[in-house]
Amino acid sequence: MFDYSAFSFEDKEQLYAKARAFWNPGKVDFWRGEGIDLVIDKRQGYYLYDIEGRRLIDLHINGGTFNFGHRHPELVETLKLALDHFDIGNHWFPSAARTAFAEEFLKTAPGMDFCVFGAGGAEAVELAIKSARYATKRRRIVSIIKGYHGHSGLSVATGDARFSKIFLADRPEEFTQVPFRDLGALEAELKKGDVAAFILETIPATYGFPMPSVEYLRGCVDLCRKYDVMYIADEVQTGLMRTGHMWGWQAYGIQPDIFVSAKGISGGIYPISVACMTERCAAWQREDGAAHITTAGGSELGCVVGLKVLEMLQRPEVVVNVHAVAQFFAEGLAEIQSRNSDIFGGIRQKGVILGLEFEHPEGAVYASRALYENGIWAIFSSLDKRVLQFKPGVLLDAPLCQEILDRFNAAMPLLRQRLAKASRN
Amino acid sequence: MPEQNSAPRMLTPDVAAARAGQMLNTARWAVDRFSKTDAQIVKAIVKAMADAAFAKAGEYAERAVRETGYGRVEHKIIKNQGCSRGIYDKYADLDFVTPRIDHAKKTVELARPAGVVFALTPVTNPVATVYFKTILAILTRNAIIVSPHPGAKKVCADAVRTLSVAAQAAGAPPGLIQIVEEPTIPLIDHFMKSDEVDLIVATGGPAVVKAAYRSGNPAIGVGSGNAPVLVDDTCDLRKTAQYIVGSKGFDNSVLCTNESTILAFESVADRLLQQLKQAKAHICKPDEVKALRKLLFTEKGFNVEMIGKDASVIAEAAGFRAQNAEILVAPVDLIQPEEPLVREKLCPVLAFGRVADFHQGLAAARSVMRKSGKGHSAVIHSTDERRILAYANAVPALRIVVNVGCSLGASGFETNLGPSMTIGTGFAGGSSVGENLKPDNFINLARIAYNSSASEPFGVFEGLERDTLPPPTPSIHTFPVSTVSAPEDGQDVRAELRKLIQEELKAILVA
């Protein structure tokens, strides 16, 4: 009996049956099919607990949402105290919490002038695209093949057909995709003169974190400048110290016209997102401040939490911690990789953003499962299933990192066995 | 306008406690890395720290006096120099890293750093103690978090930063040396009780030391001093007077090793007073003694306003003049704890009592230390070894210094006890250590011990480094390389390279 006072379930089977019936049969069936029988119940720090009590170390952290771990006590207390005074607020009026958050946020992003708030990443991407269109009076948006920027109307149209076609949401006439790391293809599109913005995740997450070169990113920005196209940096997964810098674009020394932050900025406890932009892109706010309205976007509670997230990330000891975690896994995984190079092909890394390549078209799906059985939850990349997303949180401590490495080591023989079997079939 | 309430409209969590936890994590990362560092690099790091600290000795001495109001700049410079380059020179050639091989005992000793050291430093010797503890901790490959006395927090924070920057520039990992910038009692308590602290090294008042021991973590705390000074009829009175005045005046007596009470043989007492006067001591008249007693000892105990002040300033506060005096000597009739003037005085005021003979001297020395100072220091000025030995056996001190000033004698700078800003007061003084704190106190030794029987030969460990095992052999499996199309340039080349490397490795293994 799983009793939550307000609701209860007899057992896991009953929960599965009802989830299947009332919620999402596809997702229920998919994970069970993969042997991942996880219903997340208790969560604390970097640990997740299945409803039946099994503990997992969370290396999925939902793309940085749980960058600080789950229910970080300082964030929880911040939100609880904020609830004694604030609620989501009234978007129409100036607000102390929203203003203070915008001011602090902009201090982390020299060159930017305004914060426009949303509730989730997709909404912030919508805002970015709309603002770029306003600034350029052009309509077309260029993104990369296998790019990913969310699931709402404009954002989903930038991404892979898998997510847009099913809903007839692809808009080929307005949204164009070019290959990643191909400046020639990008220029060919931009020079047509009708492009409002080029949007790119600084390190494309759903694509498995293929690392861009500094030259490529700078080349993209230069091309945008050349053709007066707005450069939108999607920093949902690369922002908030995950690259070792506050924002990924800073790690590569580029200057976007707009960048988008979500997931981690919410502390994993109160949804909020930000489209941070230059005066030129935000100028619609001078013409019609209410041209974009969002009741839940920029909620005051989210602003208080976001403010705390930024403050925590900039503490010297946290900055040191991020680098220590990054260095630890760089060294530790390289050592494991050298001993298991037959199945574990390579490591992509920038800060605490890692993509691990496995030698099978669905290698990361098998790796995810093998790690799951060894007490670690890490997810494969949806658009490149050879690559496991390995995403340590910024506050991981040394003993837990060692445990992760030991468990990873232990999973290798099992993974080898599974991959061998998969290849025979 | 509605009335403004000064209370904040929204509250936020206590940042300090949250940061404490993260500082400990950061220290753990640093020490995990640093504890694998070899001796040469450790030495280079410590040298860089000592040099940087030495270069700032004067600036921090001046700032410490300004921030705390205690002590004398010229003497703090000496302590800061002694606790930077002095400590380096003393210990740099001692290796706390390389395994120590003992063929006779058939053992190999491996230094095992404590890990994360939490160090409390006092207001009286702020920078010197920061230097001292930090250098010792790093020399033994520990991480350290310094929590300064709030009265000296600014200069201590800068001193710690100087050490940290120098250490990092020489190759130490970031986060190895940290400072609690805003120390508060709850925050210190939080640190001391944390499971992530491996060793507490507490210097300060008895409350701090007791709290350290109560924390449940391994701790080295030291008690307060109260050194009796026995002066017999065999010593050189002129030199003795100079030693005493120099020591009692040193940094205006803020070292816990300073002299408390002279116990002079009656037969030499007047001549000693003359010599003290010659050495720039002001000998107080009875009404001046009375005024001093009233000034220095209030209902709450020692008047902290007077800690480390110049003798002339104290005299003025007591209502008399003592211009150019290095110290004030206060003759007292009663040498018992109920006479406040024979208690510990962290200021240049020295009680002076007369004893009829050596045996009365012993009893008086024990009386001085009855209330405080157990396990700490005592002085004797004598050339009679039998008396020196008897004195050392009779007084509850763990360092009995002879013919030397106590401030720098018991703290090891002018004796061979080992220079230290932290004086172990042993079991009698509520401490786990009885010696002057030294690098060995920051490590444990792991011992490899062979069968003592001659039938089991001892191994040859000479020349072996920490990790000399060959790296693990890559596991070679004939696994089908995936045929998935590569998403990025260079993937084919890499696969090809990997294949080549694997073939080479296989060849090596077969051979």
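What you are looking at is a predicted structure, and each value in this text was computed from that prediction instead of being measured.

A. Seen up close, the interface of chain A and chain B. Opposite the 49 residues of chain A that make contact, chain B presents 34 residues. Carbon and sulfur atoms supply 58% of the area buried between chain A and chain B, which totals about 3,400 Å² over both sides. Viewed at the interface, chain B and chain A are joined by two salt bridges. In this structure, A:Glu317 engages B:Arg19 in a salt bridge whose closest nitrogen and oxygen atoms are separated by 2.5 Å. Taken together, the links from chain A to chain B amount to seven residue pairs in polar contact (both at pLDDT 80 or more). Counting only elements with at least two residues in the side of chain A that touches chain B, the list comes to helix 3 (73-83), helix 13 (300-313), helix 14 (316-339), strand 13 (344-350), strand 17 (384-390) and helix 16 (398-424) of chain A.

B. Representation of the pattern of salt bridges within the structure. Evaluated as defined, the whole model comprises 55 salt bridges over all chains. We note a salt bridge from A:Arg386 to A:Asp384, for which the minimum N-O separation is 3.7 Å. Note on accessibility: A:Arg386 and A:Asp384 belong to one class, buried. A salt bridge links B:Glu339 to B:Arg293, with the shortest nitrogen-to-oxygen separation between them at 2.8 Å. Of this pair, B:Glu339 sits in the loop between strand 13 (327-331) and strand 14 (349-355) while B:Arg293 sits in helix 11 (residues 286-296), and the two are 46 residues apart along the sequence. What you see here is one network of salt bridges that share partners, running through B:Lys56, B:Glu59, B:Arg63, B:Asp158, B:Arg161 and B:Glu181.

C. Region of interest: the packing of helix 8 (residues 183-190) of chain A against helix 9 (residues 214-226) of chain A. Residues and elements named next belong to chain A. Contact geometry of helix 8 with helix 9 gives a least axis separation of 10 Å together with a crossing angle of 15°. Of the possible angle classes, the one that applies to helix 8 and helix 9 is roughly parallel. Taken as a pair, helix 8 and helix 9 cross one another with a handedness that is right-handed. Only Glu215, Tyr216, Gly219, Cys220, Leu223, Cys224 and Lys226 of helix 9 make contact with helix 8, whose side of the interface consists of Leu183, Leu186, Glu187 and Leu190. Partitioning the contact of helix 8 with helix 9 into residue classes produces seven nonpolar, one polar and three charged.

D. Representation of the packing of aromatic side chains in the model. Residue and element names in this part refer to chain A. Under the criterion given, the structure shown has 27 aromatic pairs over all chains. Aromatic side chains Trp247 and Phe259 sit 4.8 Å apart centroid to centroid with 55° between the ring planes, which places their arrangement in the tilted category. Residue Trp247 is found in the loop between strand 10 (230-234) and helix 10 (248-251), and its partner Phe259 is found in strand 11 (residues 258-261); the two are separated by twelve residues along the sequence. Given a relative accessible area of 0%, Trp247 falls into the buried group.

E. Main features of the sheet that holds strand 6 (residues 199-202) of chain B. Residues and elements named next belong to chain B. Taking strand neighbours across the sheet as the criterion, the five strands line up as 5-4-3-6-7 in an open arrangement whose pairing is parallel. The open sheet has two edge strands with one neighbour each: strand 5 (177-179) and strand 7 (219-221). Across the sheet, the axes of successive neighbouring strands diverge by a mean angle of 15°, strand direction being ignored. As defined by bridge partners, strand 6 adjoins strand 7 across three bridges and the pair is classed as parallel.

F. Local environment of the domain arrangement of chain A. All names here are of chain A. If you check the domain split of chain A, you get domain 1 (34-64 + 317-424) and domain 2 (74-313). On a C-alpha basis, the centroid separation for the pair domain 1 and domain 2 is 27 Å. For the pair domain 1 and domain 2, the summed buried surface comes to about 2,100 Å²; carbon and sulfur atoms form 64% of the total. Broken down residue by residue, the surface that domain 1 buries against domain 2 is led by Lys350, Ile353 and Leu383, which jointly contribute 36%. Across the contact surface, domain 1 and domain 2 share five residue pairs in polar contact (both at pLDDT 80 or more). Those elements giving two or more residues to the side of domain 1 that touches domain 2 turn out to be helix 14, strand 13, strand 14 (353-358) and strand 17. Here the side of domain 1 that touches domain 2 gets four residues from one element, more than from any other, and that element is helix 14. The residue inventory of the side of domain 1 that touches domain 2, partitioned by class, reads eleven nonpolar, eleven polar and four charged.

G. Molecular detail of a nonpolar patch on the surface. Together, A:Trp92, A:Phe93 and A:Ile293 make up an exposed nonpolar region whose accessible area comes to about 360 Å². You can see A:Trp92 is positioned in the loop between helix 3 and helix 4 (96-107).

H. Broad picture of the state of the cysteines. Taken as a whole and assessed by the stated rule, the structure comprises zero disulfides over all chains. You can see A:Cys303 has no disulfide; the closest cysteine sulfur is in A:Cys115, sitting 9.1 Å from it. Judged by its relative accessible area of 0%, A:Cys303 falls in the buried class. Free of any disulfide, B:Cys235 has its nearest cysteine sulfur in B:Cys406, 15 Å distant. According to the relative accessible area criterion, B:Cys235 is buried, its value standing at 12%.

I. Quick look at the environment of B:Val379. Residues and elements named next belong to chain B. By the secondary structure assignment, Val379 is in strand 15 (residues 377-381). Its relative accessible area of 0% is what places Val379 among the buried residues. Spatially, the C-alpha atom of Val379 lies 4.9 Å from that of Val401, the residues being 22 residues apart in sequence. Look past the residues within four positions of Val379 in its chain and what remains in contact with it is Pro228, Val229, Leu230, Glu259, Tyr391, Val401, Val404 and Cys406.

J. Structural view of unusual backbone geometry. Residue and element names in this part refer to chain A. For Met241, which is not a glycine, the phi torsion comes out positive at approximately 75°. Considering the arrangement of structural elements, one finds Met241 in the loop between strand 10 and helix 10. Met241 sits in the buried class, given a relative accessible area of 5%.

K. Broad picture of the sheet that holds strand 5 (residues 55-58) of chain A. Residue and element names in this part refer to chain A. Taken in spatial order, the four strands make up an open sheet running 3-4-5-15, and their pairing is mixed. Looking at strand neighbours, the two that pair on one side only are strand 3 (40-44) and strand 15 (376-377), the edges of this open sheet. Pairing analysis gives three bridges linking strand 4 (residues 47-50) to strand 5, with the strands arranged antiparallel. Bridge assignment links Leu48 to a residue of strand 5, and that residue is Leu56. Docked against the sheet, helix 16 engages strand 4, strand 5 and strand 15, running at close to 105° with respect to strand 5.

Conventions adopted
- Residues numbered from 1 in each chain as written.
- Chains lettered and ligands numbered in written order.
- Predicted model: local features only at pLDDT ≥ 70, side-chain atom pairs only at ≥ 80, totals over all residues.
- Heavy atoms only, no water.
- Contact = heavy atoms within 4.5 Å.
- Buried area = accessible area lost by both parts, 1.4 Å probe.
- Salt bridge = Lys/Arg side-chain N within 4 Å of Asp/Glu carboxyl O.
- Polar contact = N/O pair within 3.5 Å; in protein donor to acceptor, adjacent residues only side chain to side chain.
- Helix = DSSP H or I, 4+ residues; strand = E, 2+ residues; numbered from the N terminus.
- Buried < 20%, exposed > 50% of the residue type's maximum accessible area, 1.4 Å probe, protein only.
- Axes fitted to C-alpha atoms, helices over the stretch in contact; angles between N-to-C directions.
- Parallel < 35°, antiparallel > 145°, perpendicular 65-115°, else oblique.
- Left-handed = near helix turned anticlockwise from the far one by under 90°.
- Nonpolar A, V, L, I, M, F, W, Y, C, P; charged D, E, K, R; others polar.
- Phe/Tyr/Trp six-rings, centres within 6.5 Å; stacked < 30°, edge-to-face > 60°.
- Pairing = 2+ DSSP bridges.
- Domains from an automatic or database assignment.
- Patch = residues over 30% accessible without salt bridge, like charges linked within 9 Å, V, L, I, M, F, W, Y side chains within 5 Å.
- Areas by Shrake-Rupley, 256 points an atom, 1.4 Å probe, with all protein chains shown as cover.
- Disulfide = S-S within 2.5 Å.

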